[in-house]
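Letter by letter, the chains look like this.
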Amino acid sequence: LKNLDPHTTYIPPTDMKEVQEEMTGKFSGIGVQFSIMEDTVRVIEVISGGPSSKVGLIPGDRIVRVNDSIIAGVKVVNSTVLNLLRGDKNTKVLVGVVRKGYGGELEFEITRGDIPINSIDVSYMIDEQTGFIKISRFANKTYQEFMDGMKKISDAGAKKVIIDLRQNPGGSLVTVLQMVDEFLAKD
C-alpha cells in the first residue's frame, strides 16, 4: 500500500473494531481519555456527563484495577485497557483508582454508556468577518458536524473561514471529499 499513497495503511482485522467505532462516532465505555505513563493508566480527561463523571472520576486519577484485573505495574498496553473499559451499554465495571491525597484505593462501580466521538472541536467567530472551525478527525458524521458549524458561523456573519486541521490524524476520504466539494465550483 505504501507504493499507492503515503497516507494509506493496512488495518489488521484485530484493530478494525476500534477503527469502525471511531468512524461511526460512538462506542460504549466509561467515558475517559487516558494515557499510560510510568506503567500506570492515568485519566487525562473525563467526558462531561459521561458514566465516569457521574460517579466522580477526575483527571489525574490513576486506574490500577478493572474488575479483577490489576493494570498497574504489569506493562499494560493501550489495547488491553480499552478492552477492559469498553463494553456493551448498561453493563457494569468495577474500577479501582488511586487518587492524590487519598490513602488506599478508591473503588467506583461504573455503568458503561454510549460515548459520542465528535469531529468538530469548536466553531466560532474570531472577528466580525472570520469564522474558525477545528476538525479533529474525519469520521462518518464529520461532514454533517462541519455543515452545522458552517451554518453557525455563516449565520453569525462569516465572510471568511479558517479551518484548523492540526493534529488531525485523517480518516474517511469520502468525508474529506464531501467537505472539499463545498468549496469548489462544479466540475
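Structural data are supplied above this passage.
Below is a short write-up of the structure. (Residues numbered from 1 in each chain as written. Predicted model: local features only at pLDDT ≥ 70, side-chain atom pairs only at ≥ 80, totals over all residues. Heavy atoms only, no water.)

1. Some remarks on the packing of aromatic side chains
Just so we agree on the cut-off: Think of it this way: a Phe, Tyr or Trp ring, Trp meaning its six-membered ring, pairs with another when their centres are within 6.5 Å, and the plane angle makes it stacked under 30 degrees, edge-to-face over 60, tilted otherwise. Secondary structure counts use DSSP, requiring at least four H or I residues in a row for a helix and at least two E residues in a row for a strand, with both numbered from the N terminus. Buried residues are those whose accessible area, probed at 1.4 Å on protein chains only, stays under 20% of the maximum for their type, while exposed residues exceed 50% and partly exposed ones sit between those limits.
Overall, the coordinates contain two aromatic pairs when judged by the stated rule. Ring centres of Tyr 124 and Phe 132 lie 5.3 Å apart, and the angle between their planes is 45°; on these two criteria the pair is classed as tilted. A ring pair is formed by Phe 146 and Phe 183, whose centres lie 6.1 Å apart and whose planes are at 55°; its orientation type is tilted. Of this pair, Phe 146 sits in helix H4 (residues 142-155) while Phe 183 sits in the segment after helix H5 (173-181); the two residues are 37 residues apart in sequence, bridging distant segments of the chain. Since its relative accessible area comes to 46%, Phe 183 is described here as partly exposed.

2. So, the nonpolar core
Short version of the rule: Definition of nonpolar core: a set of buried residues of the types Ala, Val, Leu, Ile, Met, Phe, Trp, Tyr and Cys, connected through side-chain atoms within 4.5 Å. Residues are treated as being in contact if the distance between any of their heavy atoms lies within 4.5 Å.
Core analysis: the biggest nonpolar cluster contains 19 residues, and Val 32, Val 41, Leu 57, Ile 63, Leu 85, Val 95 and Ile 110 have the highest contact counts within it. Excluding its chain neighbours within four sequence positions, the residues that come into contact with Val 95 are Ile 63, Arg 65, Leu 85, Leu 106, Glu 107, Phe 108 and Ile 110. Counting residues in each nonpolar core, the second largest holds nine residues, with Ile 133, Phe 138, Met 150 and Ala 158 among its members.

Honestly, it's all geometry; don't read function into it.
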